[in-house]
Amino acid sequence: MMTSADQAIQRLKESKPPATDRFTYLTIIDKSLSPDILPALQEILEDVELTGDIGWDLVEMLIAVPGSDECLRSIARLGNPREVILKVLQVMDAIAGAEDEGAEADRAFVTLCGMLGILHSRLQVKAPSRFLHTTLETVYRSYDPSSAEATAAVIALVRSMSGQKRPPLPTRQSSTLLETPFQQGDSTSSAPDPEADHSDSPNANEPEAMKRLLQSFITCVIEAYVNSNGLEWASRLLEFTYPERIVPGRITMMQAFKQQDELRARDALVGQLVAAAGDLDLPYGFLPRLDDALQGPIRRDPLSADVDPQKPEEIKLSTGGLLCLLAYCIFAGDVFDADQPRPDMYMFPDHHLLMKKYLGEEDPQAQVTSNPGTIEALVVIAIWLDGQKRISAGSGTGKGADGSGPGFMAYHHLLTLVSVFHPNLRVRNAATVMAGIVLHTDPDEDDRLTILEDLLENCMFSSLQACAVSWLREEMVAAKKAGSKGRFSSPECLESLQYTMFPDLTHLADADGEALLEFWTQSSPLLLQVANFALFLYGGDEYRDLAPAGMAAAIEHRYVDPLLQAAKRLSAMVEKEGVEGVDADAGSLMQLGILTDVLGRVPLQ
């Protein structure tokens with residue numbers, strides 16, 4: 001007795017054109033579709049004439065059916081490439097725009113990318129770059145950079161289009177394989193383009209236009225991947241460049257990326273993306289064009305621009321993708337000792353120009369939060385430039401050769417924006433470290449003091465003000481060690497800063513519990529750092545002479561005593577209501593005891 005699948009297969013074979021017309025046959029296939037009939041359908045689709053006629057109509061039907069890859073491969077090999085490319089892109093767009101995303105959408109994207117690789121290799125037209133542009137724009141628009149499988153499919157697509165024959169991607173050590181459909185496709189089993197004729201040889205500038213389109217595409221993909229996957233380049237390069245800053249006993253990010261499969265897989269994939277870029281003569285090829293990225297506008301989606309195949313030089317790269325590629329070369333070259341090119345650039349003016357472009361001209365918070373990987377790449381470049389002592393191409397002051405220009409203060413401000421707004425704590429920490437290094441590198445002592453004054457007086461972020469206090473302490477220690485006779489070696493320094501560091505807090509005596517809690521929540525990082533600074537200044541004889549006359553008694557009255565009383569009231573409230581009963585960060589509340597302990601040990605008498 002025949003099963004329903006057997007009956008469906010028999011119907012497909014008997015109804016095959018010319019027994020029925022193409023529209024009737026498509027209807028029969030649609031009503032018969034199930035995973036069970038796919039092997040038989042795949043045999044039927046080996047008919048070049050039939051698949052050339054109906055193949056493009058089947059793409060949308062088949063893509064949702066599990067196990068349909070071989071049928072779709074046949075359509076890619078034998079269908080009309082012009083028609084099937086357009087249908088594949090239409091289906092890809094529709095899937096990317098659907099609300100029901102997930103594993104099925106991911107699988108479909110991977111399969112469709114595999115089809116496009118075969119289809120474009122068969123296409124014979126005068127201007128293949130026009131088809132390629134549409135394809136790459138759609139693929140990029142549909143690409144989910146958080147998916148390792150989708151990323152592997154994009155890499156395979158670029159390799160097939162660039163003519164590079166590399167071995168397939170290695171498998172991960174988890175359950176997910178990074179093998180993609182059709183990457184081992186045999187072009188000899190594909191049918192020729194049925195619409196091609198001898199007049200369809202590509203124009204002379206088509207190879208260059210296509211290469212530049214692929215370069216533009218891979219830079220867009222690299223930026224998307226880096227923005228969506230925490231690669232921790234900044235924290236790892238910081239550990240490599242300044243090992244003395246590593247806290248003993250903690251697992252470093254360098255160790256984490258060696259030990260965890262998921263993190264190693266991220267490193268492997270971004271390395272494969274860069275290798276695909278290398279097949280297209282990047283990054284070596286873009287270094288001579290680095291000035292274009294430095295001077296020109298930010299190009300976020302260059303593939304969306306119109307393309308004239310007669311002017312391939314007008315096809316641009318993604319600015320953020322270039323920065324991510326540059327950061328990878330720096331990171332892999334230093335940390336992994338990889339053979340990667342290094343840029344000929346300096347902190348001033350080159351890196352400052354890039355920082356200003358991204359953070360100084362538009363809403364900086366939006367820029368940082370929407371492009372976290374690109375902004376981290378900027379921090380990576382800053383770490384490397386400092387490690388290489390590539391501070392200035394001009395006078396060595398961070399200003400122009402004539403002494404003019406924005407200087408360190410503006411550059412320092414841009415770094416602190418990253419330290420405040422970046423969503424990744426470790427990138428914020430790296431930016432903060434770099435901001436401190438840049439401050440101390442500024443050869444102009446007045447500049448350094450002005451930066452600190454500005455932060456303490458005008459900054460609205462307590463954590464950044466706390467950094468300013470820490471940097472002030474480092475300046476005083478360095479001045480003492482060097483035997484300096486400048487501003488940081490005399491009471492003149494604290495004369496101007498004491499009223500912003502130790503403001504009048506006597507009003508806290510009249511504040512209720514809610515107001516005290518809000519004050520502590522907003523200001524605790526600064527309050528703790530100032531308390532530590534007071535202990536540093538007055539806790540011994542080495543730096544006490546840097547305090548202006550009468551300062552100890554003044555800050556005891558206006559700052560230390562009222563703050564101690566407020567902290568004790570808050571501690572009592574927390575003890576009474578419990579940490580869970582107080583509407584504030586538990587970690588912040590636990591530091592109240594640290595504050596009272598430190599302030600209680602400051603010998604102001």
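Placed above this text is the structure.
Predicted, not measured: the structure shown is a model, and the values here were computed from it.

K.L.:
Help me understand the overall build of the chain in this model?
P.N.:
When its secondary structure is counted, the chain shows 27 helices and zero strands. Relative to the globule expectation of 25 Å for 605 residues, the C-alpha radius of gyration of the chain, 32 Å, shows a markedly less compact shape. Seen through its C-alpha atoms, the chain measures out along the principal axes to roughly 105 × 65 × 35 Å. Sequence separation of at least 24 residues holds for 78% of the intrachain contacts in the chain that already meet a minimum separation of 6. Working note: accessible area of the chain is about 27,300 Å², and carbon and sulfur atoms make up 50% of it. Taken as two groups, the 51 positive and 87 negative side-chain charges of the chain have centres that lie 4 Å from each other.

K.L.:
Explain the packing of helix H4 (residues 48–63) against helix H6 (residues 81–97) to me, please; I cannot follow it from the model alone.
P.N.:
Geometry of a packed helix pair, given as the angle between the helix axes and the separation of the axes. At a closest axis distance of 9 Å, the pairing of H4 and H6 adopts a crossing angle of 15°. Between H4 and H6, the interaxial angle falls into the category roughly parallel. You can see that H4 and H6 cross each other, and the crossing is right-handed. In this structure, H4 uses Gly52, Trp56, Val59, Glu60 and Ile63 to contact H6, whose residues at the interface are Glu83, Val84, Lys87, Val88, Val91 and Ile95. Classifying every residue of the contact of H4 with H6 by side-chain character gives seven nonpolar, one polar and three charged.

K.L.:
Teacher, can you tell me more about the state of the cysteines here?
P.N.:
Here a disulfide denotes a covalent bond joining the sulfur atom of one cysteine to the sulfur atom of another. Enumeration over the complete set of coordinates arrives at zero disulfides. Cys459 supplies the cysteine sulfur nearest to Cys467, a cysteine that is in no disulfide, at a spacing of 9.2 Å. Its relative accessible area of 18% is what places Cys467 among the buried residues. Left unpaired, Cys493 is separated from the closest cysteine sulfur, that of Cys467, by 17 Å. You can call Cys493 buried: its relative accessible area is 1%.

K.L.:
How should I be thinking about H4 in this particular structure?
P.N.:
Each α-helix winds once per 3.6 residues, and so residues spaced three or four apart point in a common direction. A bend of about 60° at Gly55 is the largest found in H4. Buried within H4 we find Leu50, Thr51, Ile54, Gly55, Leu58, Val59, Leu62 and Ile63. At its buried positions, H4 is contacted by helix H2 (22–32), helix H3 (38–44), helix H5 (69–78), H6 and helix H7 (103–122). Of the residues flanking the start of H4, the one acting as N-cap is Asp47, its side-chain oxygen 3.1 Å from the backbone nitrogen of Glu49.

K.L.:
Explanation requested: the packing of aromatic side chains in the structure shown.
P.N.:
Enumeration over the complete set of coordinates arrives at 10 aromatic pairs. Centre to centre, the rings of Phe421 and Phe461 are 5.7 Å apart; their planes meet at 90°, and the pair counts as edge-to-face. Separated by 40 residues along the polypeptide, Phe421 in helix H19 (residues 407–421) and Phe461 in the loop between helix H21 (445–458) and helix H22 (462–482) bring together distant segments of the chain. Judged by relative accessible area, Phe421 falls into the buried class, the value being 17%. A residue is classified by how much of its surface remains accessible, and Phe461, at 28% relative accessible area, is partly exposed. Among the aromatic residues, ring-to-ring pairing joins Trp233, Tyr328, Phe331 and Phe336 into one connected group.

K.L.:
Sorry, what's going on with unusual backbone geometry here?
P.N.:
One can expect most non-glycine residues to show negative phi and most peptide bonds to be in trans. The omega torsion of the bond from Leu282 to Pro283 falls at 5°, within 30 degrees of zero and hence cis. As for its position among the elements, Pro283 is in the loop between helix H13 (261–279) and helix H14 (290–295). Not every positive phi belongs to a glycine, and Glu232 is a case in point at roughly 55°. Position of Glu232 relative to the elements: it lies in the loop between helix H10 (206–228) and helix H11 (233–241). The exposure class assigned to Glu232 is buried, which follows from its relative accessible area of 5%. Positive phi outside glycine occurs at Asp281, with the angle close to 70°. Tracing the chain through its elements places Asp281 in the loop between H13 and H14.

K.L.:
So what exactly am I meant to see when it comes to helix H23 (residues 492–501) here?
P.N.:
Where H23 is concerned, the buried positions are Cys493, Leu494, Leu497, Gln498 and Met501. Summarising the axial view, the buried residues of H23 lie within an arc of 125°, below the 170-degree limit, and thus occupy one face. Taken together, the buried residues of H23 touch H21, H22, helix H24 (513–538) and helix H25 (551–577).

K.L.:
Explain the pattern of salt bridges here, please?
P.N.:
Following the criterion strictly, the structure yields 23 salt bridges and no others. Of the charged contacts, one joins Glu262 and Arg266 as a salt bridge, the two residues approaching to 3.1 Å between their closest N and O atoms. With a gap of four residues between them, Glu262 and Arg266 both fall in helix H13, about one helical turn apart. Among the ionic pairs, Lys480 bridges to Asp545, the shortest N-O distance being 4.0 Å. Here Lys480 is found in helix H22, whereas its partner Asp545 is found in the loop between H24 and H25, with 65 residues between them in sequence. Within the structure, one salt-bridge network assembled from shared partners comprises Arg22, Asp53 and Asp57.

Criteria and thresholds
- Residues numbered from 1 in each chain as written.
- Predicted model: local features only at pLDDT ≥ 70, side-chain atom pairs only at ≥ 80, totals over all residues.
- Heavy atoms only, no water.
- Helix = DSSP H or I, 4+ residues; strand = E, 2+ residues; numbered from the N terminus.
- Rg over C-alpha atoms; globule rule 2.2 N^0.38 Å.
- Contact = heavy atoms within 4.5 Å.
- Areas by Shrake-Rupley, 256 points an atom, 1.4 Å probe, with all protein chains shown as cover.
- Lys, Arg positive; Asp, Glu negative; His and termini not counted.
- Charge placed at Lys NZ, Arg CZ, Asp CG, Glu CD.
- Axes fitted to C-alpha atoms, helices over the stretch in contact; angles between N-to-C directions.
- Parallel < 35°, antiparallel > 145°, perpendicular 65-115°, else oblique.
- Left-handed = near helix turned anticlockwise from the far one by under 90°.
- Nonpolar A, V, L, I, M, F, W, Y, C, P; charged D, E, K, R; others polar.
- Disulfide = S-S within 2.5 Å.
- Buried < 20%, exposed > 50% of the residue type's maximum accessible area, 1.4 Å probe, protein only.
- Bend = angle between axes of the 7 residues up to and from the residue.
- Polar contact = N/O pair within 3.5 Å; in protein donor to acceptor, adjacent residues only side chain to side chain.
- Phe/Tyr/Trp six-rings, centres within 6.5 Å; stacked < 30°, edge-to-face > 60°.
- Arc of directions from axis to C-beta.
- Salt bridge = Lys/Arg side-chain N within 4 Å of Asp/Glu carboxyl O.

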